[in-house]
Amino acid sequence: MPDSPADIFFLLHAAVLSVFVGATSVSMLLAVISRIRVRKPLLVWRTGKFYGIPIGPTLFLAIVAVAFLASAWTGRGIAPHVMTGYPAGGVFWWIATWLCRSVIVTEYGIIHDVTCISRAVSWSQITDYFAAEDDGRAYVVFFYENDDGERCRMNLPVPESQRAPFEQLISRKLDPRFRCTMREPYDEEALDE
């Protein structure tokens, strides 16, 4: 049984840190397993601002680094579990978030959230699409039917570096399904009959 409030705080802090590291490591592990399970990836890019860099985990790691530097500067010691726990949890969180912000275009469809592969959109589900641009950023709008038969819409931002290969892939996968075949026009004699 802890004797002082400092001991209670130490135990509570160790428990919270353990939960944080455990949760982030499981999250990272699930994201890595989901990414490994993706078959035949053709194109991959990151979504979000700042080239897909996860802002929350990056800021967390920066704050931890500043706190450790301040602690070293003032000569205060850092407990070993804190010294390893916070950076490890931050790195696990960063990797999980980075993997989740990936768009993966495969031979079978588009995965816009690696952790929810069940929400992926297969090429056969897409009923229509068009390309658009907003503030200089290109994106493609896909209309598709989900497993329940409901019509859904997905706005997929496409970075400039992936634009040409993605358009080629769309042409190969979708254009044959949507292409209208024009028949030869009838001449006036055929129409008169």
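Here, the structure is the one placed above.
Worth saying up front: this structure is predicted, and the values here are computed from it rather than measured.

What counts and what doesn't
- Residues numbered from 1 in each chain as written.
- Predicted model: local features only at pLDDT ≥ 70, side-chain atom pairs only at ≥ 80, totals over all residues.
- Heavy atoms only, no water.
- Pairing = 2+ DSSP bridges.
- Helix = DSSP H or I, 4+ residues; strand = E, 2+ residues; numbered from the N terminus.
- Axes fitted to C-alpha atoms, helices over the stretch in contact; angles between N-to-C directions.
- Contact = heavy atoms within 4.5 Å.
- Parallel < 35°, antiparallel > 145°, perpendicular 65-115°, else oblique.
- Left-handed = near helix turned anticlockwise from the far one by under 90°.
- Nonpolar A, V, L, I, M, F, W, Y, C, P; charged D, E, K, R; others polar.
- Salt bridge = Lys/Arg side-chain N within 4 Å of Asp/Glu carboxyl O.
- Buried < 20%, exposed > 50% of the residue type's maximum accessible area, 1.4 Å probe, protein only.
- Phe/Tyr/Trp six-rings, centres within 6.5 Å; stacked < 30°, edge-to-face > 60°.
- 1 Å grid on protein atoms, 1.4 Å probe; cavity = no way out; pocket = protein on both sides within 12 Å on 5 of 7 lines; lining within 4 Å.
- Points joined across faces, edges and corners; volume = space filled by probe spheres on them.

Caption draft 1: Geometry of the sheet that holds strand E6 (residues 137–145). Here we have three strands laid out as an open sheet, ordered E5-E6-E7, and antiparallel in their pairing. Looking at which strands have only one partner, the edges of the open sheet turn out to be strand E5 (126–134) and strand E7 (151–157). Strand-to-strand twist of the sheet, defined as the mean angle between neighbouring strand axes without regard to direction, takes the value 20 degrees. In this structure, E5 lies alongside E6, joined through eight bridges in antiparallel fashion. Residue pairing in the sheet places aspartate 134 in a bridge with arginine 137 of E6. Against the sheet, helix H4 (residues 160–173) engages E5, E6 and E7, with an angle of about 25 degrees to E6.

Caption draft 2: Region of the structure containing the packing of helix H1 (residues 5–37) against helix H3 (residues 80–100). One way to put it is that H1 packs onto H3 with a least axis distance of 8 Å and a crossing angle of 30 degrees. Here H1 is positioned roughly parallel relative to H3, judged by the angle of their axes. Considering how the two elements wind past one another, H1 and H3 form a crossing that is left-handed. Here the residues of the contact of H1 with H3 are counted per class, giving 16 nonpolar, eight polar and one charged.

Caption draft 3: Local environment of the pattern of salt bridges. Tallied over the entire structure, the rule returns five salt bridges. The shortest N-O distance in the salt bridge between lysine 173 and glutamate 107 comes to 2.6 Å. With lysine 173 in helix H4 and glutamate 107 in the loop between strand E2 (102–106) and strand E3 (109–111), this residue pair connects regions lying 66 residues apart in the sequence. Owing to a relative accessible area of 23%, glutamate 107 belongs among the partly exposed residues under this scheme. Across the pair arginine 163 and glutamate 133 runs a salt bridge whose closest N-O atoms are separated by 3.4 Å. In this pair, arginine 163 is assigned in helix H4 and glutamate 133 in strand E5, connecting sequence segments 30 residues apart. Classification of glutamate 133 by relative accessible area gives exposed; the value is 52%. Linked by salt bridges that have partners in common, Glu133, Glu160, Arg163 and Glu167 make up one network.

Caption draft 4: Representation of the packing of aromatic side chains within the structure. By the definition in use, this model includes eight aromatic pairs. Ring plane angle 80 degrees and centroid distance 5.4 Å describe the contact between tryptophan 45 and phenylalanine 166, whose orientation is recorded as edge-to-face. Of this pair, tryptophan 45 sits in strand E1 (residues 41–46) while phenylalanine 166 sits in helix H4, and the two are 121 residues apart along the sequence. Per residue, the accessibility class of tryptophan 45 equals that of phenylalanine 166, and both read buried. Judged by centre distance (6.2 Å) and plane angle (35 degrees), the ring pair of tyrosine 129 and phenylalanine 142 falls under tilted. Pair noted here: tyrosine 129 is in strand E5 and phenylalanine 142 is in strand E6, with a separation of 13 residues, a long-range link. Among the residues examined, phenylalanine 142 registers a relative accessible area of 0% and is labelled buried.

Caption draft 5: Up close: the layout of surface pockets. Each pocket or cavity is described by its volume, and for the largest pocket that value is around 290 Å³. Lining the largest pocket we find 13 residues, and of these Arg46, Gly48, Tyr51, Arg137 and Pro159 sit closest to its centre. Every element with two or more residues in the lining of the largest pocket is listed here: E1 and E6. Partitioning the lining of the largest pocket into residue classes produces seven nonpolar, three polar and three charged.

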